[in-house]
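For reference, the chains in residue letters:
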Amino acid sequence: MDTITIEDLEVSFRVGVPNEELANPQRLLITVVMQHDFSLAARTDDISATIDYFAVTQRILKLGEDREWRLIETLAVEIAKLTVEDFGARSAQVTVKKFIIPEARWVSVKTNHTRAGSGGN
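Residues numbered from 1 in each chain as written. Predicted model: local features only at pLDDT ≥ 70, side-chain atom pairs only at ≥ 80, totals over all residues. Heavy atoms only, no water.

**Q** Can you help me understand the overall build of the protein in this one?
**A** What the protein contains, in helices and strands, is four helices and five strands. Starting at the N terminus and ending at the C terminus, the protein contains elements arranged as β-α-β-α-α-β-α-β-β. Seen through its principal axes, the protein has C-alpha atoms that stretch 50 × 25 × 25 Å. Within the protein, the proportion of its 121 residues that are buried is 40%. Contacts in the protein between residues at least 24 apart in sequence constitute 59% of all its contacts with a sequence separation of at least 6. For the protein, the exposed area adds up to about 7100 Å²; of that, 49% sits on carbon and sulfur atoms. Charge separation in the protein, taken as the distance between the mean sites of 14 positive and 18 negative side-chain charges, equals 3 Å. (Helix = DSSP H or I, 4+ residues; strand = E, 2+ residues; numbered from the N terminus. Buried < 20%, exposed > 50% of the residue type's maximum accessible area, 1.4 Å probe, protein only. Contact = heavy atoms within 4.5 Å. Areas by Shrake-Rupley, 256 points an atom, 1.4 Å probe, with all protein chains shown as cover. Lys, Arg positive; Asp, Glu negative; His and termini not counted. Charge placed at Lys NZ, Arg CZ, Asp CG, Glu CD.)

This is the structure:
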């Protein structure tokens, strides 16, 4: 299976458990690794035979408009599901990095979602 990766997409979303943390959007980095057979796209040079990673990126950027999440886990699962269900990835692995603990470089969560019938979540 082939892989398309969007690495460290920078977003500003409202996410956090305490209400003070939700008050202002914060910087997150999102990585999406999509499994998809793009052999037909490579042969035909046709974007409709693959995943339009620009469209995926734009959808993720818009996801945080007028939204908030308590947990980055919830955000990661939502992104993984929309990548599989709306963009046709066979599976998606999503990592969300948050920069909330001063003594740590970042805190991250990672989740995987697989299309129904493909042997996954």
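**Q** Is there a simple way to think about the sheet that holds strand β3 (residues 68-69) in this case?
**A** Whenever strands of a sheet pair, they do so through backbone hydrogen bonds, lying parallel or antiparallel. With respect to topology, five strands assemble into an open sheet ordered β3-β1-β2-β4-β5, the strand pairing being mixed. Two strands bound the open sheet, and with one partner strand each, they are β3 and β5 (107-114). Bridge count between strand β1 (residues 2-15) and β3: two bridges; the pairing is parallel. Within the sheet, the bridge partner assigned to Arg14 lies in β3 and is Glu68. Docked against the sheet, helix α3 (residues 53-63) engages β1, β2 (26-36) and β3, running at close to 15° with respect to β1. Sheet contacts for helix α4 (residues 72-87): β1, β2, β3, β4 (91-98) and β5; angle to β5, the most-contacted strand, approximately 30°. (Pairing = 2+ DSSP bridges. Axes fitted to C-alpha atoms, helices over the stretch in contact; angles between N-to-C directions.)

**Q** Explain α3 here, please?
**A** In an α-helix, one turn spans 3.6 residues, which is why side chains three or four residues apart end up on the same side. Those residues of α3 that sit buried are Val56, Thr57, Ile60 and Leu63. Along the axis of α3, the buried positions cluster into a sector of 120°, meaning they face one direction only. Summarising the geometry of α3, the exposed residues directed more than 90 degrees from the buried face are Phe54 and Lys62. On its buried side, α3 packs onto β1, β2, β3 and α4. (Arc of directions from axis to C-beta.)

**Q** Quick question: what am I supposed to make of unusual backbone geometry here?
**A** Note: most residues except glycine have negative phi, and most peptide bonds are trans. Residue Asp8 is not a glycine yet carries a positive backbone phi of 55°. Along the polypeptide, Asp8 turns up in strand β1.

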